[in-house]
Amino acid sequence: MFLVVGLPGAGKTTRAEELAAAAHALRLTADEWHISLFGNVIGDFQRPGGERWVLEGRLISVALQALRRGMSVVLDFGLWGRDERSALRWLARSAGASCQVVYLPVDKDLQIARIVHRQATAPDETFPMSAADVDRWREQFQAPDAAELDGGEIPAPPPGWQSWPEWAEDHWPTCTL
Ligand SMILES: Nc1ncnc2c1ncn2[C@@H]1O[C@H](COP(=O)(O)OP(=O)(O)OP(=O)(O)O)[C@@H](O)[C@H]1O
Ligand SMILES: [Mg+2]
């Protein structure tokens, strides 16, 4: 399983398409599903347990089924949080698959130029994003560390959680593991 990680405009979907072609993998791009099912409403991301997390939960279940059948999967979700990535690395391993974090850093000027270009050329394929959003998101984003990029040890779940599956079922309410 490939976890494609980066901010909006980092080039995740572009890379995910390349990886899927090269590895004959199933590509699951959450934004494509989100926009076709719910529209491009940015507020959906802000509600824990809301549309975005319900959707990702179902896609994760599909991903795990595919991994158990021996297929490769590319998850193109954003995956800003280390806990999300740790949970998915754990779940991939439990499905008998290896997992690679593919991080696409992007500097702010390039990011904004790409977002503006995409908004102008393909507004139906993206979410509306302002310069203030970009600044806030750059603060919130947790860049993968060396251990994640090297496939090192998976950290323990956050305090209060017994296991990563338990954490995952809370974060992505519709995922069946
Ligand atoms: N390596 C690259 N070189 C030049 N342009 C690129 C590169 N990767 C992506 N782009 C362009 O930048 C824009 C954003 O790329 P892409 O849609 O892949 O980003 P993304 O990370 O998936 O963004 P989002 O999180 O908003 O979906 C697109 O117009 C794409 O064609
Ligand atoms: Mg994308």
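Structure: see above.
Just so we're clear, the structure is a prediction, and the values are computed from it rather than from any experiment.

Reading the values: the criteria
- Residues numbered from 1 in each chain as written.
- Chains lettered and ligands numbered in written order.
- Predicted model: local features only at pLDDT ≥ 70, side-chain atom pairs only at ≥ 80, totals over all residues.
- Heavy atoms only, no water.
- Buried < 20%, exposed > 50% of the residue type's maximum accessible area, 1.4 Å probe, protein only.
- Helix = DSSP H or I, 4+ residues; strand = E, 2+ residues; numbered from the N terminus.
- Arc of directions from axis to C-beta.
- Core = buried A, V, L, I, M, F, W, Y, C linked by side-chain atoms within 4.5 Å.
- Pairing = 2+ DSSP bridges.
- Axes fitted to C-alpha atoms, helices over the stretch in contact; angles between N-to-C directions.
- Contact = heavy atoms within 4.5 Å.
- Salt bridge = Lys/Arg side-chain N within 4 Å of Asp/Glu carboxyl O.

*Asks:* Before we move on, could you go through helix 6 (residues 131-140) and cite the residues and values that matter?
*Replies:* Taken residue by residue, helix 6 has Asp133, Val134 and Trp137 as its buried positions. Down the axis of helix 6, the buried set is contained in an arc of 100°. They therefore lie on one face. Pointing more than 90 degrees away from the buried face of helix 6 are the exposed residues Ala131 and Glu139.

*Asks:* Lay out the nonpolar core in plain terms, naming residues and giving numbers.
*Replies:* One finds Leu3, Leu67, Leu75, Phe77, Leu88 and Trp172 to be the most contacted residues of the largest nonpolar core, which totals 33 residues. Sorting the residues of this core by element identifies strand 1 (2-5), helix 3 (51-68), strand 3 (73-78), helix 4 (82-94) and helix 8 (164-171) as the ones contributing at least two each. Sort the elements by how many residues they give to this core and helix 3 lands first, with eight residues. Of all hydrophobic cores here, the second largest spans 11 residues; its members include Phe2, Val4, Ala20 and Leu104.

*Asks:* Outline the sheet that holds strand 3, supporting the account with residue identities and numerical values.
*Replies:* Taken in spatial order, the four strands make up an open sheet running 2-3-1-4, and their pairing is parallel. For this open sheet the edge positions go to strand 2 (26-29) and strand 4 (100-103), each flanked by a neighbour on one side alone. If you compare each strand with its neighbour and ignore which way they point, the axes differ by 20° on average. Against the sheet, helix 2 (residues 30-38) touches strand 2 and strand 3, its axis set at about 55° to strand 2. Along the sheet, helix 4 makes contact with strand 1, strand 3 and strand 4, crossing strand 1 at roughly 170°.

*Asks:* For the pattern of salt bridges, give the residues involved together with the corresponding values.
*Replies:* Considering all chains together, one arrives at 10 salt bridges under this definition. Glutamate 18 serves as the salt-bridge partner of arginine 15, at 3.7 Å between the closest nitrogen and oxygen. One end of the pair, arginine 15, and the other, glutamate 18, are both in helix 1 (residues 12-23), three residues apart, so they sit about a helical turn from each other. Look at arginine 15 and you get partly exposed, because its relative accessible area is 33%. By relative accessible area, glutamate 18 is classed as partly exposed at 48%. For the salt bridge of arginine 136 with aspartate 133, the shortest nitrogen-to-oxygen distance reads 3.2 Å. Within this pair, arginine 136 and its partner aspartate 133 are both found in helix 6, separated by three residues, close to a single helical turn.

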